[in-house]
Amino acid sequence: EYLDQLGMEAFGPGGQSAFGFVVPGRVPVYSEQFTQIEALKWSCDVENSQQIRDVVVFLTQPLAAPGCGVGCFITGPPFDKWHFVGTLSNESPSGVFRVRWPPDEGAPTACRIGVSIMSIAELQALEATLPGTELVDFGRKVANDLWNYLGSFEIMLTHGAMLLPLFNRWMARFEDRCKHDPFWWLKNSE
């Protein structure tokens, strides 16, 4: 594939300072400090990572290769299981990505940030695997708790089947609103 032959040249002539990341409160790290681990993949070690909640990853110049973007990943020791956190492209050259460690792994004391040049189709497939936003997750838990509470009343025995589709429609509407405007609930609506 043509991307495999490009390497850093996918970032344009010379490929210097092509990308970087910032952990809030720390000094930015640029591509020269990354180690190339495969033809289209680079990584950089990060110390004291147990305190990291977000990471800002950015391009410092447009991608020269058409139809591609940059996948952003994170991993903890033993550095063999990469977790996708987000995508960069010429249309969206920076992003603030939430770092979510799987519950069975916990927050490691060191981690690696990884970037990989990938096709837009591959990146779209990875984007679909990202967990919902915290607000949507919170909304689901509140809604399930409400449904369980209502289930303890006698009216649910007789009308629960009729109310469930309404409840599901409300949940779908809630998720859609959060997806389009995560701060809708802060707005004054009468």
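To be clear, the structure that these remarks concern was listed above.
(A) Representation of the packing of aromatic side chains in the model. Scanning the model with the defined rule gives nine aromatic pairs in all. Measuring from ring centre to ring centre gives 5.8 Å for Tyr 30 and Phe 58, while their planes differ by 75°; the resulting arrangement is edge-to-face. One end of the pair, Tyr 30, is in strand S2 (residues 29–30); the other, Phe 58, is in strand S5 (residues 54–59), with 28 residues separating them in the sequence. Take Phe 58: its relative accessible area is 14%, and that puts it in the buried class. Between Tyr 149 and Phe 153, the aromatic rings sit 5.1 Å apart at their centres with planes inclined by 80°, giving edge-to-face as the arrangement. Ring pairs connect the aromatic residues Phe 19, Phe 21, Phe 34 and Trp 42, which therefore count as one cluster. The residue whose ring lies beneath Arg 112 is Phe 79, and the NZ or CZ to ring-centre distance is 3.9 Å.

(B) Spatial organisation of the environment of Glu 175. Along the polypeptide, Glu 175 turns up in helix H4 (residues 154–180). Along the sequence, Glu 175 and Gly 139 sit 36 residues apart, while their C-alpha atoms lie 8.2 Å from each other. Not counting chain neighbours up to four residues away, the residues in contact with Glu 175 comprise Val 136 and Arg 140.

(C) Spotlight on the pattern of salt bridges. Within the structure shown, the criterion is met by three salt bridges. Taking the shortest distance from any N to any O, the salt bridge between Lys 41 and Glu 38 comes out at 3.7 Å. Take Lys 41: its relative accessible area is 34%, and that puts it in the partly exposed class.

(D) Structural context of the sheet that holds strand S7 (residues 83–88). Spatial strand order, S3-S4-S9-S6-S7: five strands in an open sheet with antiparallel pairing. Every other strand in the sheet has two partners, leaving strand S3 (35–38) and S7 as the edge strands with one partner each. Along the sheet, successive strands turn relative to each other by an average axial angle of 30°, direction set aside. In this structure, strand S4 (residues 41–47) lies alongside strand S9 (residues 110–119), joined through seven bridges in antiparallel fashion.

(E) Expanded view of the sheet that holds strand S1 (residues 19–22). Judged by pairing direction, the sheet is antiparallel, and its four strands sit side by side in the order S2-S1-S5-S8 without closing on themselves. In this open sheet, the two edge strands, each paired with only one partner strand, are S2 and strand S8 (94–98). Summarising the sheet, S1 and S5 pair through four bridges and their orientation is antiparallel. Its bridge partner being in S5, Phe 21 is matched across the sheet by Val 57.

Reading the values: rules and limits
- Residues numbered from 1 in each chain as written.
- Predicted model: local features only at pLDDT ≥ 70, side-chain atom pairs only at ≥ 80, totals over all residues.
- Heavy atoms only, no water.
- Phe/Tyr/Trp six-rings, centres within 6.5 Å; stacked < 30°, edge-to-face > 60°.
- Helix = DSSP H or I, 4+ residues; strand = E, 2+ residues; numbered from the N terminus.
- Buried < 20%, exposed > 50% of the residue type's maximum accessible area, 1.4 Å probe, protein only.
- Lys NZ or Arg CZ within 6 Å of the ring centre and 35° of its normal.
- Contact = heavy atoms within 4.5 Å.
- Salt bridge = Lys/Arg side-chain N within 4 Å of Asp/Glu carboxyl O.
- Pairing = 2+ DSSP bridges.
- Axes fitted to C-alpha atoms, helices over the stretch in contact; angles between N-to-C directions.

Purely geometric stuff here, so don't read any function into it on its own.
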